[in-house]
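So the chains spell out like this:
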Amino acid sequence: MKTYSFYALFLIMLMGCADPARISGFDSEKWQQDKKGCQGQRSTMVSDFETIRRDLYGRPEAEVKDILGKPDAEQLMRRGQRVFIYYFEPGSQCKERNKLSEANRAEVRFNALSKVSEITYLRPVPVSK
């Protein structure tokens, strides 16, 4: 019995040491450091976000948090669905922390299985090439 609990403990410790999910070509650290888009760094990353948008579909919530960080805001929907909001630019969310802003943002929708099912924009930001 002790052998099984040792192996179970070892597996749990091993899983805790896993590297966070990343998508190559996307600077997750830069994105996450610009909380609520208030520093203006995310606005320069719009084309990068658009490039990885399709790669986010089907990913579990934990991986999205690894890649994009804690959401700037969150909405609970019907049937166990949730929406994470990530702002692209500074707006009223920078001063009024508990209110949603009309600033450009991405909305990442999760289904009842906590996997990304849809990603939309409040107001699409023009992508500079």
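It should be noted that the structure appears before, not after, this text.
Presented here is an overview of the structure given in this document. (Residues numbered from 1 in each chain as written. Predicted model: local features only at pLDDT ≥ 70, side-chain atom pairs only at ≥ 80, totals over all residues. Heavy atoms only, no water.)

### Section: the pairing of strand β3 (residues 105-110)
Stated precisely, the cut-off is as follows: When a residue's accessible area, from a 1.4 Å probe over protein chains only, is under 20% of the maximum for its type it is buried; when over 50% it is exposed; and in between it is partly exposed. To qualify as a helix, a DSSP run of H or I must reach at least 4 residues; to qualify as a strand, a run of E must reach at least 2; elements of each kind are numbered from the N terminus. Any two strands with at least two DSSP bridges between them are considered paired.
Counting buried residues along β3, five of its six residues qualify, which places the element largely inside the surrounding structure. Of the strand pairs in this sheet, strand β2 (residues 82-87) and β3 are connected by six bridges, and their pairing is antiparallel. Paired with Phe84 across the bridge in β3 is Val108. Inspection of the sheet shows β3 paired to strand β4 (residues 116-121) by five bridges, in the antiparallel sense. In the strand pairing of β4, Glu107 is matched with Thr120. Between β3 and β4, which pair antiparallel and follow one another directly, the connecting turn spans five residues, one of which, Ser114, has a positive phi of 60°.

### Side note on the state of the cysteines
For clarity, the threshold we go by: To count as a disulfide, a pair of cysteine sulfur atoms needs to be within 2.5 Å.
Scanning all chains against the criterion turns up one disulfide. Shown here is the disulfide that connects Cys38 with Cys94, its sulfur atoms set 1.9 Å apart. Here Cys38 and Cys94 share a disulfide; its torsion about the S-S bond, -110°, makes the bridge left-handed. Here Cys94 lies in the loop between β2 and β3 and Cys38 lies in the loop between α2 (28-33) and α3 (46-56), a separation of 56 residues in the sequence.

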